Amino acid sequence: MSDSSPTIRSLTVRAVRVPMAEPHRTASGIITESPLVLTDVVTDVGVEGHSITFTYTPAALRPTADLIRNLEPLISGDALAPLEVEQKLARRFRLLGTQGLVGMALAAIDMALWDALARLQGVSLVRLLGGAERPLRPYGAIGYDGAEGCARAAAGWTRRGFTGIKAKIGYPTVQEDLAVVRSMREAAGADMAIMVDYNQCLAPSEAVQRLRVLDGEGLVWVEEPTLAHDYAGHAQVAQAAHTPIQCGENWWGLQDMQHAIDAGACDYVMPDVMKIGGVTGWLRAAALAHAKGLRMSNHLWPELSARLLCCTPTAHWLEYADWWNSILAEPLAVDDGVAIVSQAPGSGIEWNRAAVERYAA
């Protein structure tokens, strides 16, 4: 019996550089724009699926776009079956490895395939995966803006109804870190959930010392206090701290997550849907988090991540950022501090084509 399933016909890949409405400062530098690769999977029945790849630096933009394009001959003519394609490409790149730019390219295809499959069925990705849309708690992002700047940003998120905020810290002294936390608390109120992110900037021993000072501030979590893949170092910090340690945005695939959990590196997990392996990788990560009883949040990709969190048994917080809103026809809706997940077919990615053309790299 012949297989009449829709097949993959081609890929359309575009690079864009989307300016930030406001520069986002971290302990490692200032982000003024988002270099993105936009991938469309085109099927033989005319249905398309979309995905976004964030390359962090413009230097990786064209190489990533070229790599995604180069994968087209490997999947052209294959059935629209994301799990099968993921396994095929994983085998193909086993010797080279599936981290870095290769991992980003594979995730771009995976995310677009799942989007196309949901659109083909006329359902949201949430429903395709067996879940149901529900309101989510988002937290607002605050940069490395000093006590005064962070307080202003905290007040802004509070006015929008947000119940959680997260700031970048890692200042020259822990007293400056503490001043930022307390300024946000004063601006946002006692009921605001506050998280902080060190962006990997401390040695484990210094992180232990700083956490002793911050442990009394009622923080929801401290994120990546030391190098992301120093699992032993994170475990050292987690064992010494009373405040929960959050990790995950820099895990490349399920094995990194497994190694971190085995080491006792963190109390919570927050995979990045691109680095963890797309929708397929997220589903595996969610299953692992469920098995280990770990609450799971996301890193960026709010439209797609919101839908995936609706299918995540241990879903915790939604990291919200509006960095890419300008290229989207319908960005994730947030009403009075609550993220509203649409039932529209697909994964929530629809292009604002005029903006895509305007920001073409």
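Refer to the structure printed above.
Throughout, residues of each chain are indexed from 1 in the direction in which the sequence is written. With pLDDT at 70 or above as the cut-off, local features in this predicted model cover only qualifying residues; side-chain atom pairs require 80 or more to be listed or tallied, and sums for whole chains, interfaces and linings still use all residues. Excluded from the side-chain calculation are hydrogens and water; included are all heavy atoms of the structure.

Colleague: Help me understand the pattern of salt bridges, please; the structure alone is not making it clear to me.
Modeller: Side chains that differ in charge, positive against negative, can pair when their charged atoms come close. Each salt bridge in this description consists of a side-chain nitrogen of Lys or Arg and a carboxyl oxygen of Asp or Glu lying within 4 Å of one another. This structure, assessed with the given rule, holds 16 salt bridges. Residues Arg14 and Asp40 are paired through a salt bridge, measuring 2.7 Å at the closest nitrogen-oxygen approach. Taken as a pair, Arg14 in strand β1 (residues 8-26) and Asp40 in strand β2 (residues 29-43) lie far apart in primary sequence, 26 residues in all. Classification of residues uses two cut-offs on accessible area relative to the type maximum, computed with a 1.4 Å probe and protein chains only: under 20% is buried, over 50% is exposed, and between them is partly exposed. For Arg14, a relative accessible area of 24% gives the class partly exposed. In this structure, Asp177 engages Arg210 in a salt bridge whose closest nitrogen and oxygen atoms are separated by 2.6 Å. Taken together, the positions of Asp177 in helix α7 (residues 174-188) and Arg210 in helix α8 (residues 204-214) put the pair 33 residues apart, joining distant regions of the chain. Given a relative accessible area of 0%, Asp177 falls into the buried group. Members of the salt-bridge network, linked through shared partners, are Asp115, Arg119 and Glu350. By definition, any uninterrupted DSSP run of H or I lasting at least four residues is a helix, any uninterrupted run of E lasting at least two residues is a strand, and each is numbered from the N terminus.

Colleague: Looking at this structure, how should I read the packing of aromatic side chains?
Modeller: Only centres within 6.5 Å qualify two rings of Phe, Tyr or Trp (six-membered ring in Trp) as a pair; their planes then separate them into stacked at under 30 degrees, edge-to-face at over 60, and tilted for everything else. Scanning the entire structure with this criterion turns up eleven aromatic pairs. Measuring from ring centre to ring centre gives 4.3 Å for Phe54 and Tyr56, while their planes differ by 25°; the resulting arrangement is stacked. Judged by relative accessible area, which is 36%, Tyr56 ranks as partly exposed. Ring centres of Trp157 and Tyr320 lie 6.3 Å apart, and the angle between their planes is 90°; on these two criteria the pair is classed as edge-to-face. One end of the pair, Trp157, is in helix α6 (residues 146-159); the other, Tyr320, is in strand β10 (residues 318-320), and 163 residues separate them in sequence. Using a relative accessible area of 11% as the deciding quantity, one classes Trp157 as buried. Owing to a relative accessible area of 4%, Tyr320 belongs among the buried residues under this scheme. Pairwise contacts between aromatic rings join Phe54, Tyr56, Trp301, Trp323 and Trp324 into one cluster.

Colleague: What should I look at first to understand α6 in this one?
Modeller: Since one α-helical turn is 3.6 residues long, residues separated by three or four positions face the same way. With 14 residues, α6 extends 20 Å from end C-alpha to end C-alpha; this agrees with the ideal 20 Å at 1.5 Å per step. Along α6, the residues that are buried comprise Gly146, Gly149, Cys150, Ala151, Ala154, Ala155, Gly156 and Trp157. In the core, the buried residues of α6 are packed alongside β4 (138-142), β5 (164-168), α7 and β10. Here a helix's expected span is defined as the number of its residues, less one, multiplied by 1.5 Å. Note on definitions: a residue-residue contact is assigned when non-hydrogen atoms from the two residues lie within 4.5 Å.

Colleague: What exactly am I supposed to notice about the sheet that holds strand β9 (residues 268-269) here?
Modeller: Two pairing modes exist for strands in a sheet, parallel and antiparallel, and in both the strands are linked by backbone hydrogen bonds. The rule for pairing is simple: two strands pair if DSSP sees at least two bridges between them. Pairing is parallel across the open sheet formed by seven strands, whose spatial order is β9-β8-β7-β6-β5-β4-β10. Two strands bound the open sheet, and with one partner strand each, they are β9 and β10. Examined bridge by bridge, strand β6 (residues 193-197) and strand β7 (residues 221-223) share three bridges and lie parallel to one another. Note that in β7 the partner of Asp197 across the bridge is Glu223. Its contacts with the sheet place α6 against β4, β5 and β10, and it is angled at close to 155° to β4. To obtain each axis, a line is fitted to C-alpha atoms, and for helices this fit is confined to the stretch in contact; angles are then taken between N-to-C directions over 0 to 180 degrees.

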